[in-house]
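Each chain is listed here by its residues.
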Amino acid sequence: MKAMRRFTVRPVLPEPLRPLSDLARNLRWSWHAETRELFQSVDPARWAATGDPVRLLAAVPPERLDTLAADRRFRLRLTAAVDDLTDYLEGDRWYQRQEGSLPAAVAYFSPEFGVTAALPQYSGGLGILAGDHLKSASDLGVPLIGVGLLYRHGYFRQSLSRDGWQQEHYPVLDPDELPLSLLREADGTPTLIRLALPGGRVLRARVWQARVGRVPLLMLDSDVEDNDAAAREVTDRLYGGGSEHRLHQEMLLGIGGVRAVRAYCRLTGHPAPEVFHTNEGHAGFLGLERVHELGAPAPDGPGLDFDQALQVVRAGTVFTTHTPVPAGIDRFDRSLVARHFGDGAELPGIDTGRVLALGTETYPGGDPGLFNMAVMGLRLAQRANGVSTLHGQVSREMFAGLWPGFDAEEVPITSVTNGVHAPTWVAPEVLRLGARRIGPGRAEDALSVGGPERWDAIGQISDREIWELRRTLREQLVQEIRTRLAAGWRQRGAGPAELGWVDTAFDPEVLTIGFARRVPSYKRLTLMLQDRDRLRALLLHPERPVQIVVAGKAHPADDGGKRLVQELVRFADDAGVRHRIAFLPDYGMAMAQKLYPGCDVWLNNPLRPLEACGTSGMKAALNGCLNLSVLDGWWDEWYDPDFGWAVPTADGGGDLTAKETERRDALEAAALYELLENRVAPRFYERGRDGLPDRWIGMVRETLTRLGPKVIAGRMVREYVETLYAPAARAHRALGPGQARELAAYKERVRASWAQVAVEHVDAGADGADGPEGTESPAQLGATLALRVRVRLGDLAPEDVEVQAVSGHVDGDDRISDAARVPLKPAPGGPDLDGRWTFEGPLALDRTGSFGYTVRVLPSHRLLASGAEMGLIAVPAEAAGQEAGVLLR
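Residues numbered from 1 in each chain as written. Predicted model: local features only at pLDDT ≥ 70, side-chain atom pairs only at ≥ 80, totals over all residues. Heavy atoms only, no water.

**Here's the deal with the overall build of the chain**
Counted only if it meets this: Only DSSP runs of H or I reaching four residues or more are called helices, and only runs of E reaching two or more are called strands; each is numbered from the N terminus. Based on C-alpha atoms, the radius of gyration is set beside the globule rule, defined as 2.2 Å times the residue count to the power 0.38. Classification of residues uses two cut-offs on accessible area relative to the type maximum, computed with a 1.4 Å probe and protein chains only: under 20% is buried, over 50% is exposed, and between them is partly exposed. In this description, contact between two residues means that some pair of their heavy atoms is separated by no more than 4.5 Å.
The helix and strand inventory of the chain stands at 28 helices and 27 strands. For a compact globule of 889 residues, the expected C-alpha radius of gyration is about 29 Å, and the chain comes in at 30 Å, within 12% of that figure. Counting only C-alpha atoms and orienting by the principal axes, one finds that the chain spans roughly 95 × 70 × 50 Å. When the 889 residues of the chain are sorted by exposure, 57% land in the buried category. Excluding contacts between residues fewer than 6 apart, the proportion of contacts in the chain whose partners are at least 24 apart in sequence is 74%.

What follows is the structure in structure tokens.
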């Protein structure tokens, strides 16, 4: 008989143990070893089964709680843990010790957050990155507010059928069983967020709070009784449903998320955010809600119009893109978006045409019938970034059409390379070894805050200690693999008689390679299967065997990805190799925290440059695991042969024929086998005079010493604060209502007049002479040209623009590279009789070889973040620029 209703009965803790509830409901326990050890001591068996303090306390028998309440040593440990958490929450940290004016608060929006396995609200790297961002912000003291959705089914749980086909399961999550609390009004009623939907429908959502250390995470939940059935299902599954369902999710995240932040600040007194950071385009509608807010009448006068409000919103918004391919961006039919905005729907008073224009793909190859969430994100943010140096470059090229006339290098998208939250991902054994050498406080600071470019204290650890640590971690992983193999095979229908081999699967002495991630086609899960005989020979080598552990989920709608999983599983099922290669189903944070430390090599073989960053190899590196990867994402930036290997890539990662794709994959697979056979395995099994693999240990030491400080999320969040959050806060403060009206009026005037702006003539005289182009005599390094440029500005004035000389090396097509940009000044005397203005200035010939220059006109205003911001540029027509080309060939 099934229950008609389900709810959770929480335990009543004895008075001395009441602080356990506070510890359980602050997710800092998920990365604080001492607190986890305290909960483990409550009931080791139940802790091993749950790994979740809330579920643990709900399951512990009252007699055990009474025993602990009478245990003086346990109470002392509990008091110490509570005091430590209080100090962590209330004491000054890195952010509070910084000089200068930093944001009072930052709101960080993401569709998913991977904070802990006990709160399963993530699907992959985007969510794990968001969770690490929150945890590192907490460690640093950054006043962040996280904003997301609470999915009642989370992301799916994965199992395999007997023939290896992925199967999805969606367990129902009860918020009362999670480390969450409802945001409530002063009268105790739950805070409700409301959105208007077409046809007079209303979407209501409650706001759940998770405490991520010092950071509140607000999660909107539409499973509210007053909603209709469809509205209740809006927050059912992560990345589920059709287009309208996804649109409702993203409206709730963006628009509802801003309203949740406002309610939270009103109820708690938390400072209002000065900066809004949208992690991918899913939350892009937050900018529209803020425009709508600013349009409301203010106590001291009328609200701002759309263009004026847009300037304020842009100034304080940061947009991070995570995809290197257009197919990875959410795009909606314009008519669907139009139905959801304007009178009778959400954000009344805002012209629907202005909303649609923000997401229109106006660049060559764009589809005018679609609404692009990333394009809207870029148009609503004055500052944008990719997530690695290479991805920043790819993003500038991908979105260059939004800034026509500018070279890709000038597109205003920078990069902050991702990092990982080391206290979450470093194995306790690694942390303890470091703490013994430099002390617990210094070790914690090194992992959470960072700062030094090298961790030279690693040099104090002996080779034998490093090797014994690596062997211990590998042995733990082997036990984990065997446990999960047995459970997975039983789930697929195997009986006890079929599972005897599992007890000897994998070997703690064998080189262990890990590969675990989502399974889109570009990550090439099955590249290792290109030559199965060669792979089998690697696995079964009599002297230098290799064992490989693989995990990953394909999207439920991606049958191609599921076929890749099945192909890998069928190979791993073969009785001849299954003791050396395994696919473990249901990849998630709990599994990952065992995989990364226990592997010797972390494999990554995406199609370059389709891996925006990829952080799994970073987590592995922090545990002394070496990386073997294609030069993509972060590895392209930080690869060094002293601590890893680069898989060579064949040309043509883009649109290839099936035959070309086959050839490329075969070449790269052959390169991978070559590295494993001739460089990786020999290095692992080679022994020095003391019986240790000295050169392998040297690479582990270099990984920890030089790579470790780079890959931590503390470094990443500090970069966000210094290069994006602080400038955005300054820009936000500079845009009061008066300045917003001024900037909007300036942009309107410039756009209206830009068609009249033209560069009509360019003169260059040597050493300031008034003669024509000075190329008749040889140009020498160190010489100076005096540029005089005649420009037509139409209705604009010289102070509205900047005229620049752009110079540098040129290629065979006269394209300037490594450009230097020098502003030219208006000449005295005003315009000539034809209304043309003259600008002049020196141009230094500061480099030898093929050298060229040109001139251009850009909008200029003190409140613009860059000359490229408006996407307007005027350059010489061919006739005007005949004398302004290449000086030396």
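**A closer look at unusual backbone geometry**
Geometrically, the link from Arg-608 to Pro-609 is a cis peptide bond, its omega value of 5° lying close to zero. Looking at where Pro-609 falls in the secondary structure, it is placed in the loop between strand E18 (601-604) and helix H23 (616-621). Phi at Tyr-239 is positive, roughly 60°, even though this residue is not glycine. In this fold, Tyr-239 is placed in the loop between helix H8 (229-232) and helix H9 (243-268). Of note, Arg-524 is a non-glycine position whose phi angle comes to about 55°, a positive value. Among the structural elements, Arg-524 can be located in the loop between strand E15 (511-516) and helix H20 (532-539).

**Observations concerning the pattern of salt bridges**
Here is the rule we go by: Salt bridges are defined as contacts in which a side-chain nitrogen from Lys or Arg sits within 4 Å of a carboxyl oxygen from Asp or Glu.
For the coordinates displayed, the defined rule picks out 62 salt bridges. Measuring nitrogen to oxygen at the nearest pair gives 2.8 Å for the salt bridge that ties Arg-262 to Glu-293. A residue pair is termed long-range when its members are at least 10 positions apart, and Arg-262 in helix H9 and Glu-293 in helix H10 (residues 286-295) qualify at 31 residues. Since its relative accessible area comes to 27%, Glu-293 is described here as partly exposed. With a shortest N-O distance of 2.8 Å, Glu-361 and Arg-331 are connected by a salt bridge. Residue Glu-361 is located in the loop between helix H13 (352-358) and strand E12 (370-372), and its partner Arg-331 is located in strand E11 (residues 331-333); the two are separated by 30 residues in the primary sequence. A relative accessible area of 5% places Glu-361 in the buried class. On the basis of relative accessibility, which here comes to 35%, the residue Arg-331 falls in the partly exposed class. Here the residues in one salt-bridge network are Arg-152, Arg-206, Asp-221, Asp-223 and Arg-232, joined through shared partners.

**Here's the deal with a negative patch on the surface**
Put simply, the test is: Like-charged residues are merged into a patch within 9 Å and nonpolar side chains (Val, Leu, Ile, Met, Phe, Trp, Tyr) within 5 Å, provided each residue has over 30% relative accessible area and no salt bridge. For every accessible area listed, the method is Shrake-Rupley and the probe measures 1.4 Å; residues are considered covered only by the protein chains on display. For this count, His and the chain ends are skipped, Lys and Arg are scored as positive, and Asp and Glu as negative. For the purpose of locating charges, the reference atoms are NZ of Lys, CZ of Arg, CG of Asp and CD of Glu.
Together, Glu-34, Glu-37, Glu-444 and Asp-445 make up a negatively charged patch on the protein surface. At the level of elements, helix H2 (33-42) and helix H18 (440-448) are the ones that each hand at least two residues to the negative patch.

**Digging into the pairing of strand E22 (residues 784-792)**
Put simply, side chains in a regular strand alternate between the two faces of the sheet. Put simply, the test is: Two strands qualify as a pair provided that DSSP identifies no fewer than 2 bridges between them.
Only one face of E22 is covered, namely the face carrying Leu-785, Leu-787, Val-789 and Val-791; the face carrying Thr-784, Ala-786, Arg-788, Arg-790 and Arg-792 is uncovered. Judged from the nine bridges that link them, E22 and strand E25 (residues 836-844) form a sheet pairing that is antiparallel. When the sheet's bridge partners are listed, Thr-784 is paired in E25 with Ala-844.

**Brief notes about the environment of Thr-854**
Secondary-structure assignment places Thr-854 in strand E26 (residues 851-859). In sequence terms Thr-854 and Gln-804 are 50 residues apart; their C-alpha atoms lie 8.4 Å from each other.

**Description of the packing of aromatic side chains**
To keep things clear, this is the line we draw: Here is the rule: rings of Phe, Tyr and Trp (six-membered ring for Trp) pair when centre to centre is within 6.5 Å. Planes less than 30 degrees apart are stacked, more than 60 are edge-to-face, and the remainder are tilted.
Throughout the structure, instances matching the rule amount to 21 aromatic pairs. Pairing Phe-684 with Tyr-685 gives two aromatic rings, centres 4.9 Å apart and planes at 85°, and the pair type is edge-to-face. Grouping residues by exposure puts Phe-684 and Tyr-685 together as buried. A ring pair is formed by Phe-684 and Trp-696, whose centres lie 5.1 Å apart and whose planes are at 90°; its orientation type is edge-to-face. Note that Phe-684 is positioned in helix H25 (residues 658-685) and Trp-696 in helix H26 (residues 694-711), a separation of 12 residues in sequence. The two residues Phe-684 and Trp-696 agree in class, both being buried.

**So, the nonpolar core**
For clarity, the threshold we go by: Only buried residues count toward a nonpolar core. Its members are Ala, Val, Leu, Ile, Met, Phe, Trp, Tyr and Cys residues joined through side-chain atoms within 4.5 Å.
Of all hydrophobic cores here, the largest spans 106 residues; its most connected members are Met-528, Leu-628 and Trp-696. Ranked by residue count, the leading element in this core is helix H19 (residues 463-491), at 10 residues. Residue contacts for Leu-628: discarding those within four places in its chain leaves Val-601, Trp-602, Leu-603, Asn-604, Trp-645, Val-647, Leu-672, Leu-675, Leu-676 and Val-680. Counting 93 residues, the second largest nonpolar core, distinct from the first, contains Tyr-155, Met-251, Leu-304 and Phe-332.

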